[in-house]
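A closer look at the structure
Residues per chain, in single letters:
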Amino acid sequence: MPWNARMQDTMTTGMTDADLPRGGDFASEIAKLETQFDIIRYMRRITQVFGFKTFLICSIPSIDVERLAASTVISNMPAELLNKYDSLSMLRFSTGVRRLRETTTPFQVTLAAWEGEGGKPESAAEYIEMLRENGIFQASYFPVHDAEGGRGAVILMGPLVELPMTVTMELQMIAIHVYNRLAEIGSVWKSSGAALSEREIQCLSWTAAGKTSAEIAGILGLSEHTVNHYLNHVTKKLDAVNRTQAVVKAMKKGYIS
């Protein structure tokens, strides 16, 4: 589908032309984001506006790193996809990560091209099928770095599309500003080394607002058991003794406000 037509389809799902970044407007908006959760919400909107399905922001994994989750800063990528990726050790066969180590310019990798490359285990077929089922046929990579020289990437995934150069450059600038804003607010890889998922941050935010697990379950459309799982997991991640301390630590680290 042509870019303009696909963009119009995206716009009719609830976004308006006013939601699109224009010129340098995005820089001032990103600068106003105060917490990691604010950035997740912003990236979720950008992902939708530009017609992608999901995003992932990470530091570039070193050669000896085996799990993408260890380098992930924030993402709304389905948990089952990320977990399957790591359980199959797909990082070792990532064309995108290999190129990120070699270039500082944006690039795209299609699922078909990656699937056609040799050297992957037979189990990779299962993960590739999961990507198809989730509507991910291409990944657009935007290499970035922070003020201290730390290298990372903003990765946008979704349907096949040839991005115009103007859109590519705008997304690259957004990626740079977002990555640096994450660093400025003391994001996860700067402080604790433990990445929090979007659901974990949501559950913490509602806990901070005084909601019980049952109430959070109703708000987020989850079971109470699942909410308790998220809260117990994030409490361990933050090295807290209970949920109250987890909320305090999350506030100090900028995950929630």
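Quick notes on the rules
Residues numbered from 1 in each chain as written. Predicted model: local features only at pLDDT ≥ 70, side-chain atom pairs only at ≥ 80, totals over all residues. Heavy atoms only, no water. Helix = DSSP H or I, 4+ residues; strand = E, 2+ residues; numbered from the N terminus. Buried < 20%, exposed > 50% of the residue type's maximum accessible area, 1.4 Å probe, protein only. Contact = heavy atoms within 4.5 Å. Areas by Shrake-Rupley, 256 points an atom, 1.4 Å probe, with all protein chains shown as cover. Core = buried A, V, L, I, M, F, W, Y, C linked by side-chain atoms within 4.5 Å. Pairing = 2+ DSSP bridges. Axes fitted to C-alpha atoms, helices over the stretch in contact; angles between N-to-C directions. Salt bridge = Lys/Arg side-chain N within 4 Å of Asp/Glu carboxyl O. Expected span 1.5 Å × (residues − 1).

1. With respect to the overall build of the protein chain
Within the protein chain one finds 13 helices and 5 strands. Looking at the 257 residues of the protein chain, the share that counts as buried comes to 49%. Long-range contacts, defined here as pairs at least 24 residues apart, represent 62% of the contacts in the protein chain between residues at least 6 apart. Summed over its atoms, the accessible surface of the protein chain is roughly 12500 Å², and 52% of this surface lies on carbon and sulfur atoms.

2. Examining the nonpolar core
Membership of the largest hydrophobic core comes to 47 residues, with the highest contact counts inside it found for Tyr42, Met43, Ile57, Leu171, Ile174, Val178 and Leu204. The contacts of Tyr42, once residues within four sequence positions are left out, are Phe26, Glu29, Ile30, Leu33, Ile174 and Val178. Core analysis: the next-biggest nonpolar cluster, separate from the first, contains 29 residues, Met77, Tyr85, Val109 and Ala124 among them.

3. Regarding the sheet that holds strand E1 (residues 54-59)
Overall, antiparallel pairing links the 5 strands, which are arranged E2-E1-E5-E4-E3 in an open sheet. Edge positions in the sheet fall to strand E2 (72-75) and strand E3 (107-110), since each of these pairs with one other strand and no more. Each adjacent strand pair in this sheet contributes to an overall mean axis angle of 20°, direction not counted. Sheet topology note: the E1/E2 ladder contains 3 bridges and is antiparallel.

4. Re the pattern of salt bridges
Following the criterion strictly, the structure yields 9 salt bridges and no others. Of the charged contacts in the structure, one is a salt bridge between Arg41 and Asp38, with a shortest N-O distance of 2.3 Å. Here Asp38 and Arg41 lie together in helix H3 (residues 36-49), a separation of 3 residues that amounts to about one turn. Using a relative accessible area of 38% as the deciding quantity, one classes Arg41 as partly exposed. Between Glu200 and Lys237 there is a salt bridge whose closest N-O contact spans 3.0 Å. Within this pair, whereas Glu200 is found in helix H10 (residues 198-208), its partner Lys237 is found in helix H12 (residues 224-237), the two being separated by 37 residues in sequence.

5. Quick word on H12
An ideal rise of 1.5 Å per residue puts 20 Å on 14 residues; H12 measures up with 20 Å between its terminal C-alpha atoms. Here the buried face of H12 lies against H10, helix H11 (213-220) and helix H13 (243-252). Immediately downstream of H12, the backbone of Asp239 shows phi near 55°, a positive value.

6. Considerations on unusual backbone geometry
Outside of glycine, negative phi angles account for most residues, and trans bonds account for most peptide bonds. Backbone geometry at Ser89 places phi at a positive 55°, although glycine is not the residue there. Structurally, Ser89 can be placed in the loop between helix H4 (79-87) and helix H5 (95-100). Its identity as a non-glycine residue notwithstanding, Asp239 has a phi of 55°, on the positive side. Structurally, Asp239 can be placed in the loop between H12 and H13.

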